[in-house]
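Each chain, letter by letter, is given below.
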Amino acid sequence: MYTRYGQLTDTVKLLDEMPQRDSYSWNSLLEAHLKSGTNREDTLRLFHSMPEKDDYSWKITISSFAKAGNLRIARELFDKMPVQDEKPWNSMINGYARIGRNDEAMNLFKSLNYSNDNVWKNNTHILATVFKICADMAALDFGKQVHTRMVINNVGFDEVLVSSLVNMYAKCGDVDSASHLLNSLQAQPDDFSLSALITGYTKCGRLIDARKVLDHSGGGKCNTVLWNSIIAGYVANNEGSEAMNLFSKMRMDGIREDPSTLASVLSATTSLGIVIIGKQIHGHGLKLGFIHDLITASVLIDMYSKCGSLDDACKFFEELQKYDYDTILLNTMINLYSKSGRIEDARRTFDMMPRRSLISWNSMIAGYNQNGCAIEALNLFCDMHRLGLPMDQVSLACVISSCASTCSLRLGEQIFSKATVIGLESDQFICTALIDFYSKCGYIEYGRSLFNEMEKTDEIPWNSMLMGYAANGYVVEAFKLFEQMRNEGVAPNNITFTGVLSACDHCGLVEEGKKWFDSMKQEYNIEPGIEHFSCMIDMFARAGFPAEAMNLIDQMPFEADSSMLSSILKGCTATGNESLSKKVAERILELEPKQSSAYVQLASTHATCGDWERSAQVRGLMEERRVRKSPGHSWIDD
C-alpha cells in the first residue's frame, strides 16, 4: 500500500521492522524507490544490495531506467540479466526508439533474431515498435522482411500492429501495399490506419485516391483525424481552394474541428494570399477557444506576415499570454518586427526569451542589419563571442555585412579569419557577404579575386559581384560579368537587373538602360519593381531627360516617393525646364511638406520666370511652416 502511494519513507521503515524479508518485500522497496524518483545511484545501490533478485526485480528496474531515458544504465542491466524474456527486450527497443536512437533499436531487434525463441520475435508490441522505426528511417525493405516473417509464422494482427504496418508502408511511399493490406482485413480498419493511408496518398500527389479513402470510410461520419489528414494533404499539394472547400464540407457534415484543422486551413489561406479569409478563420478560432494553441498561433502569425499584414501579426502576438510563447514563435516575431521597422520591439522580444537558440541570435543580428543598425549588430555579435556561443555561416555572414555598412575593413577581415578557423572559409553564403564587404569598402579587386575562386551554385554571388561593380562605377566590367553570367547559363533575376540598370544610370547609358529595362519582362518574364523604376527615373533625369522621367513616373504601377521626384527636380534645374520644375516641386511638397529643397527650388523657379509675388508666397509658406533651409558647408571652414 505504501509503495502504491509513493510513500518511500514509510515503506523503508516498515521493511526495517520486518523480522523476515522475502523477494516480494525487497521488490516492494525497489518499486517504491523507482516510483519516488529517488537519486538513481541510490536506486542502483539498493538493487545491487538485494540478497534476492528475481525476474520481476530485473524487469521493473530495466523498464524504469529505459522509460526515464537512462539507456546506458538500462543496457548494462539488460546485458547482465540472467534470463531475458520479451518484456526487457520490449523495454529496451522502445527506450531507444523513444529518444530517437533508431539505429541502436534496430540493431537490438536484429540481435533478437539470432535467438531460437519465436515467441520473443513474434511479440506484437516489439513488432509494432520496429515498424514505427522502419517508417522513421524509411527502411521499407527491412519492414517488408519483418512483415513476410510475420505471415510465415502466422502472427496474429491486432489493431496496433495493423496501424503500425500501414503507417510504415504509407510513410515509405508504398501506398499500394498499405491499401492492399487494409483491403485484405476482414475487420473495419481503425482511423489511425486510414489517416496514415490518406497521408501517404497525398504525399505522393494522389489526391483522388486519398479522397476515395475518406469517402469509402464513411465520408461525413468520419472523425476529425481523417478530415485533418485530407485537408493537410491538399494544402501540402498547393490546393488551397480545395482545402477550404473540404473544411466547409466538414463543418456542414457536423464534424467538429480542432486546433490542427485550423492550423491547416490557415496554411491554405496563406497559400491563397487572401487575408480577409484568414481574419475570418482567426475570429472563428477565437470563438472556439483554439487561437491560443501554440501551433495555431504560430501559423496565424505566419499567415498575416506572408499576406503582408504585418501590423495584424504584431497586434495578435501582443494579445498572446506570455505562457503561450515558445522559442520558435519568438524567433518569428523578431523577424516580423525587423521587417516592420520596429527594431526596438524586436530587441525587446529577444531580451525576454527564456532560451535563445542560434536562430534567435542570427535573427536579431540580421534584423539590426536590415534596419541600418550596423553598430548594434556588431555589439550583439561581440556579446555572442564573449559568451562562447556557437556560430554558423549565417552569424558570420550577417556580421560581415555589418562591417560592410560601416566600412570596417580590419574587423571584417578578422571575422573572416574566424570563419576560416571553424572551416567555413569556402561557404558560399560567407564568400558572397565578403564580396559585398570588399566592394563597399572600395576594394573591388579583392572581391573579384574571391569571386573567381569560389564555387558558385546559384545567381547570388553573381549578383553581389555585379552590384559591387555598379556601385563603384566599373560599368565595362559590370556588363562583361553580366554577359559571362548569361553565357554560363545562370538565369538573371530582379536583383541582377537592379545592378545592370544601376550601372547604366551611373554612366548615362540611356539607350542601353532602356533596352535592358524592356527586356526584363519581354525576354525574362520579370516584372519591374520599384527599384528598377527608380534607376530608370534617375538615369533619365541625370542624362537631361526630365520629361521622360516624369512620363515613366506616370506609367509606374507604384506611388512615386519624394526621392524619385527629387531626382527629376534636379534634372529640371540642369536643363532649365521651369514648367516641369514647378509641377514636380509641388508634388514633393504634397508628399513631404517639411522638405526645404523643394521650397527653395520652387521659389527660385518662380523668380526666374519673373513671378516675384509667387516666389515670395512660397518663401512665406516656408517660414509659416517653420521649414529651415539646410545650411551650406565648405571644406574651407574645416
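Bear in mind the structure is a predicted one, so any value in this text is a computation, not a measurement.

Calculation criteria
Residues numbered from 1 in each chain as written. Predicted model: local features only at pLDDT ≥ 70, side-chain atom pairs only at ≥ 80, totals over all residues. Heavy atoms only, no water. Helix = DSSP H or I, 4+ residues; strand = E, 2+ residues; numbered from the N terminus. Buried < 20%, exposed > 50% of the residue type's maximum accessible area, 1.4 Å probe, protein only. Areas by Shrake-Rupley, 256 points an atom, 1.4 Å probe, with all protein chains shown as cover. Arc of directions from axis to C-beta. Contact = heavy atoms within 4.5 Å. UniProt positions renumbered as here; feature names shortened; annotations may be inferred. pLDDT = per-residue confidence, 0-100. Axes fitted to C-alpha atoms, helices over the stretch in contact; angles between N-to-C directions. Parallel < 35°, antiparallel > 145°, perpendicular 65-115°, else oblique. Left-handed = near helix turned anticlockwise from the far one by under 90°. Nonpolar A, V, L, I, M, F, W, Y, C, P; charged D, E, K, R; others polar. Salt bridge = Lys/Arg side-chain N within 4 Å of Asp/Glu carboxyl O. Patch = residues over 30% accessible without salt bridge, like charges linked within 9 Å, V, L, I, M, F, W, Y side chains within 5 Å. Polar contact = N/O pair within 3.5 Å; in protein donor to acceptor, adjacent residues only side chain to side chain.

Engineer: Hey, could you run me through the overall build of the chain in this one?
Structural biologist: Of the regular secondary structure elements, the chain holds 38 helices and 0 strands. Burial analysis of the chain (638 residues in total) assigns 47% to the buried set. Carbon and sulfur atoms make up 50% of the accessible area of the chain, which totals about 32800 Å².

Engineer: Could you clarify how one ought to interpret helix H14 (residues 207–216) in this entry?
Structural biologist: Residue pairs three or four apart in sequence face the same way in an α-helix, which turns once every 3.6 residues. For H14, the set of buried residues is Leu-207, Ala-210, Arg-211, Val-213 and Leu-214. The buried residues of H14 occupy an angular sector of 155° when projected down its axis, which confines them to one face. Of the exposed residues in H14, those oriented more than 90 degrees away from the buried face are Ile-208 and His-216. Tucked inside the fold, the buried residues of H14 contact helix H13 (191–203), helix H15 (224–236) and helix H16 (240–252). A positive backbone phi angle near 125° is found at Gly-218, which sits one or two residues after H14.

Engineer: What is the right way to look at the UniProt feature "repeat: PPR" (unreviewed entry) in the chain in this model?
Structural biologist: According to UniProt, the "repeat: PPR" (unreviewed entry) feature falls on residues 22–53, 54–88, 223–257, 293–323, 326–360 and 458–492. Between the end C-alpha atoms of residues 54–88 the distance is 13 Å, and the span holds 74% helix and 0% strand. Helix makes up 74% of residues 326–360 and strand 0%, whereas the separation of the span's terminal C-alpha atoms amounts to 12 Å.

Engineer: What is the right way to read the environment of Thr-202 from this model?
Structural biologist: Looking at the element boundaries, Thr-202 is found in helix H13. Judged by relative accessible area, which is 5%, Thr-202 ranks as buried. Spatially, the C-alpha atoms of Thr-202 and Asn-237 are 7.4 Å apart, while their sequence positions differ by 35 residues. In this view, Thr-202 contacts Leu-207, Ala-210, Gly-233 and Asn-237; residues no more than four positions away in its chain are not counted.

Engineer: Just to check I follow, could you spell out unusual backbone geometry for this structure?
Structural biologist: Of all residues except glycine, most have a negative phi; of all peptide bonds, most are trans. Backbone geometry at Cys-407 places phi at a positive 55°, although glycine is not the residue there. Structurally, the position occupied by Cys-407 is in the loop between helix H25 (393–406) and helix H26 (409–421). Since its relative accessible area comes to 47%, Cys-407 is described here as partly exposed. With a phi close to 55°, Asn-525 is a non-glycine residue in the positive phi region. Structurally, the position occupied by Asn-525 is in the loop between helix H32 (510–524) and helix H33 (530–542).

Engineer: What is the right way to look at the confidence of the model for the chain in this model?
Structural biologist: Interpreting fine coordinate detail is not advised for predicted regions of low pLDDT. Summing up the model confidence of the chain, the mean pLDDT is 82 and the portion of residues at 70 or higher is 83%. The element-level mean pLDDT for the chain is lowest in helix H1 (residues 8–17), coming to 51, with helix H23 (residues 358–370) highest at 94. Considering only residues more than four positions removed or in separate chains, one finds that residues 1–8, a stretch of pLDDT under 50, has 14 contacts. Predicted confidence is poor over residues 630–638, with pLDDT under 50, and the contacts of this stretch with residues over four places away or in other chains come to 2 contacts.

Engineer: Honestly, the packing of H25 against H26 in this entry has me stumped. Any pointers?
Structural biologist: Any two packed helices are characterised by the angle at which their axes cross and by the distance between the axes. Between H25 and H26, whose axes approach to 9 Å, the crossing angle comes to 165°. Taken together, the axes of H25 and H26 lie roughly antiparallel to each other. Regarding H25 and H26, the two cross each other, and that crossing is left-handed. Here Leu-396, Val-399, Ile-400 and Cys-403 of H25 lie close against H26, whose contacting residues are Leu-411, Gly-412, Ile-415, Lys-418 and Ala-419. Across the contact of H25 with H26, the residue classes break down as 7 nonpolar, 1 polar and 1 charged.

Engineer: Hey, could you run me through the pattern of salt bridges in this one?
Structural biologist: A side chain of one charge can pair with a side chain of the opposite charge if their charged atoms are brought near each other. This structure, assessed with the given rule, holds 25 salt bridges. Among the salt bridges present, the one from Lys-249 reaches Asp-253, with a minimum N-O distance of 3.0 Å. With a relative accessible area of 31%, Lys-249 lands in the partly exposed category. You can call Asp-253 partly exposed: its relative accessible area is 33%. Within this structure, Glu-318, Arg-342, Asp-345 and Arg-348 form a network of salt bridges that share partners.

Engineer: Quick question: what am I supposed to make of a nonpolar patch on the surface here?
Structural biologist: A contiguous nonpolar patch, built from Leu-272, Ile-274 and Ile-276 and spanning about 230 Å² of accessible area, is present on the exposed surface. Here Ile-274 shows up in the loop between helix H17 (259–272) and helix H18 (275–288). Here Ile-274 falls in the partly exposed class, since its relative accessible area comes to 33%.

Engineer: How do you make sense of the side chain of Asn-463 when you look at a structure like this?
Structural biologist: One can find Asn-463 in helix H29 (residues 460–471). According to the relative accessible area criterion, Asn-463 is buried, its value standing at 4%. Here Asn-493 takes part through its side chain, which lies 3.0 Å from a polar atom of the side chain of Asn-463. Beyond its immediate sequence surroundings of up to four residues, Asn-463 is in contact with Met-485, Asn-493, Ile-495 and Thr-496.

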